[in-house]
Amino acid sequence: METRQQGFLDSEPLREADEDNVSEVNLNNSVMTEEEREEIQQELAKLEDEMSTLRQVLASKEKQHADLKQKLGITPLSELRNNFSRSWQDMQSSVAYKKTSETLSTAGQKTSAAFSTLGSTLSRKLGDMRNSPSFKSFEEKVETTVSSIKTKVGGSGPGGSFEEVLNSAAKASSQDTPTNNLVDAPERPC
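Conventions used here
- Residues numbered from 1 in each chain as written.
- Predicted model: local features only at pLDDT ≥ 70, side-chain atom pairs only at ≥ 80, totals over all residues.
- Heavy atoms only, no water.
- Patch = residues over 30% accessible without salt bridge, like charges linked within 9 Å, V, L, I, M, F, W, Y side chains within 5 Å.
- Areas by Shrake-Rupley, 256 points an atom, 1.4 Å probe, with all protein chains shown as cover.
- Salt bridge = Lys/Arg side-chain N within 4 Å of Asp/Glu carboxyl O.
- Helix = DSSP H or I, 4+ residues; strand = E, 2+ residues; numbered from the N terminus.
- Buried < 20%, exposed > 50% of the residue type's maximum accessible area, 1.4 Å probe, protein only.
- Phe/Tyr/Trp six-rings, centres within 6.5 Å; stacked < 30°, edge-to-face > 60°.

Re a nonpolar patch on the surface
Then comes step 1: Taken together, Leu 77, Leu 80 and Phe 84 make up a surface patch of nonpolar side chains, about 330 Å² in accessible area.
Then comes step 2: When you line up the elements, Leu 77 lands in helix α3 (residues 76–92).

Here is the structure:
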């Protein structure tokens, strides 16, 4: 019989000798001798003791780890904050985040350009409207109405332009608002 020292996952097909070895393996534990059984139980007990020792060592190391963190001032909250910060940095360096950021940046630039164009177009259209004959006619009618009201109320002088009338109306309304200046008044008995 030929013995080989290869691993569990051999890539070679089984030979006749391997098939014979497989057929000779006895899966029934009742044929095990008492001596073999005792040896296996001792090995099992030894492994359980080692596992117990390793658990104790791990618990001791975890306690030491926690003590050192406490001495350094590392709290669970600061660890959580650091984890979130690290995750945020990882996310920002991801391809999906970069693509989304670029797309939103481009969309923002295009929206800004559109609003700029809209603003200049509106400004130009309002200027055109103000210079149009219909607006001039409306402005003249308002000026005429305002000047006739001024003369009827008792104002003197020419009516002036529409802008002058608006300015004078604004001044008049600001002068009519009461002020909070308190005048010393003699005390009144209650």
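So, next bit.
Focus on the pattern of salt bridges
Then comes step 1: Counting across every chain of the model gives 2 salt bridges.
Then comes step 2: Here Glu 79 and Lys 69 are joined by a salt bridge, their closest N and O atoms 2.4 Å apart. Here Lys 69 lies in helix α2 (residues 34–72) and Glu 79 lies in helix α3, a separation of 10 residues in the sequence.
Then comes step 3: Under the relative-accessibility criterion, Glu 79 is labelled partly exposed at 29%.

Description of the packing of aromatic side chains
Then comes step 1: Counted according to the given criterion, the structure contains 2 aromatic pairs.
Then comes step 2: Between Trp 88 and Tyr 97, the ring centres sit 6.0 Å apart and the planes meet at 75°, which makes this aromatic pair edge-to-face.
Then comes step 3: The partly exposed category is assigned to Trp 88, whose relative accessible area is 44%.
Then comes step 4: Measuring from ring centre to ring centre gives 6.4 Å for Phe 135 and Phe 138, while their planes differ by 45°; the resulting arrangement is tilted. Highlighted residues: Phe 135 and Phe 138, both in helix α5 (residues 133–153), separated by 3 residues, approximately one helical turn.

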